[in-house]
Amino acid sequence: MRAFLTIPAVVFSLFLLLPNLVLAADADRFAGTYVGQAETVLDGETKGRDLKASIELTDDGFNLSWTSISYQADGDVKKSTYKVEFVPSQRDHIFGSAMKTNMFGKQVPLDPLKGEPFIWSRFEGDTFSVFSLFINEMGDYELQEYHRTLRDGGLDLLFRRVSNGVPQKEITAFMARQ
């Protein structure tokens, strides 16, 4: 009789842990630090770019940080660094950004109608994708997509930027696992 009562308790415990098990199955394979280089051609000008990304598991989800250093033909260097915390959503394999704390102490996404980016991510097979939606003061939008696909020794990166449905930029690179 005692063993019978523990089976429901075990099943219930596994049910409570299921979201964390899904997280581990998704993000765990991508956890680590990656570096790479890319070249882009804009308006006939070739620009080099150094890339770095880190994916770290947390108690509630995972953190993604990335840095892009672009080198201009005139010698200027532009460095951009971002860090986003992601937490599981109500949908399998989709994670919401937790970029600010609301008045109840809960981490929540930013508000795109206030000019802030709305960011989410998903895991689909061997690809980890991050999407950033920006809405400007005129109501036009820009969508940035970062698709990181597992490959021997690292990740293939595909970055796309689309403004109001029109492709603006695409960058591909291999990023080696460190």
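Above this note sits the structure.
Now for a description of the structure that goes with this document. (Residues numbered from 1 in each chain as written. Predicted model: local features only at pLDDT ≥ 70, side-chain atom pairs only at ≥ 80, totals over all residues. Heavy atoms only, no water.)

### Side note on the overall build of the protein chain
The secondary structure content of the protein chain amounts to one helix and 12 strands. Each helix and strand of the protein chain, placed in order from N terminus to C terminus, yields the pattern α-β-β-β-β-β-β-β-β-β-β-β-β. Residue burial in the protein chain is summarised as follows: out of 178 residues, 33% are buried. (Helix = DSSP H or I, 4+ residues; strand = E, 2+ residues; numbered from the N terminus. Buried < 20%, exposed > 50% of the residue type's maximum accessible area, 1.4 Å probe, protein only.)

### Side note on the pattern of salt bridges
In the structure shown here, the tally under the stated rule is six salt bridges. Residue E124 pairs with R122 through a salt bridge whose shortest N-O separation is 3.5 Å. Under the relative-accessibility criterion, E124 is labelled exposed at 51%. A salt bridge links E145 to R160; its shortest N-O distance comes to 3.5 Å. Residue E145 is located in strand β10 (residues 141-151), and its partner R160 is located in strand β11 (residues 154-163); the two are separated by 15 residues in the primary sequence. The structure contains a network of salt bridges with shared partners spanning E145, R160 and E170. (Salt bridge = Lys/Arg side-chain N within 4 Å of Asp/Glu carboxyl O.)

### A closer look at the sheet that holds strand β4 (residues 77-88)
On the basis of which strands lie adjacent, the closed barrel formed by 10 strands has the order β1-β2-β3-β4-β5-β8-β9-β10-β11-β12 and antiparallel pairing. Ignoring which end each strand starts from, the neighbouring axes of this sheet average 25° apart. The pairing of strand β1 (residues 32-42) with strand β12 (residues 166-177) spans three bridges and is antiparallel. Across the sheet, V35 pairs through a bridge with A176, a residue of β12. (Pairing = 2+ DSSP bridges. Axes fitted to C-alpha atoms, helices over the stretch in contact; angles between N-to-C directions.)

### Brief notes about the nonpolar core
A general feature of soluble globular proteins is that nonpolar side chains tend to end up buried together. Judged by nonpolar contacts, the single largest core of 24 residues is most densely connected at I55, F62, L64, F86, F123, F128 and V130. At the level of elements, β1, β2 (45-57), β3 (62-71), β4, β8 (118-124), β9 (127-135), β11 and β12 are the ones that each hand at least two residues to this core. When residues no more than four places from it in sequence are discounted, the contact partners of L64 are S54, I55, Y82, K83, V84, F86, F128, V130 and R148. (Core = buried A, V, L, I, M, F, W, Y, C linked by side-chain atoms within 4.5 Å. Contact = heavy atoms within 4.5 Å.)

### Concerning the packing of aromatic side chains
Within a pair of aromatic rings, the relevant descriptors are the distance that separates the centres and the angle that separates the planes. Evaluation of the coordinates by the stated rule reveals 13 aromatic pairs. Ring centres of W120 and F131 lie 5.2 Å apart, and the angle between their planes is 20°; on these two criteria the pair is classed as stacked. Of this pair, W120 sits in strand β8 while F131 sits in strand β9, placing them 11 residues apart in sequence. You can call F131 buried: its relative accessible area is 8%. When the ring of F123 is compared with that of F128, the centres are 4.7 Å apart and the planes differ by 15°; the resulting orientation is stacked. The rings of F30, F62, F86, F95, F123 and F128 are connected pair by pair, giving a single aromatic cluster. One cation-aromatic arrangement involves R148 over W66; the distance from NZ or CZ to the ring centre is 5.9 Å. (Phe/Tyr/Trp six-rings, centres within 6.5 Å; stacked < 30°, edge-to-face > 60°. Lys NZ or Arg CZ within 6 Å of the ring centre and 35° of its normal.)

Just geometry here; none of it tells us what the structure is for.
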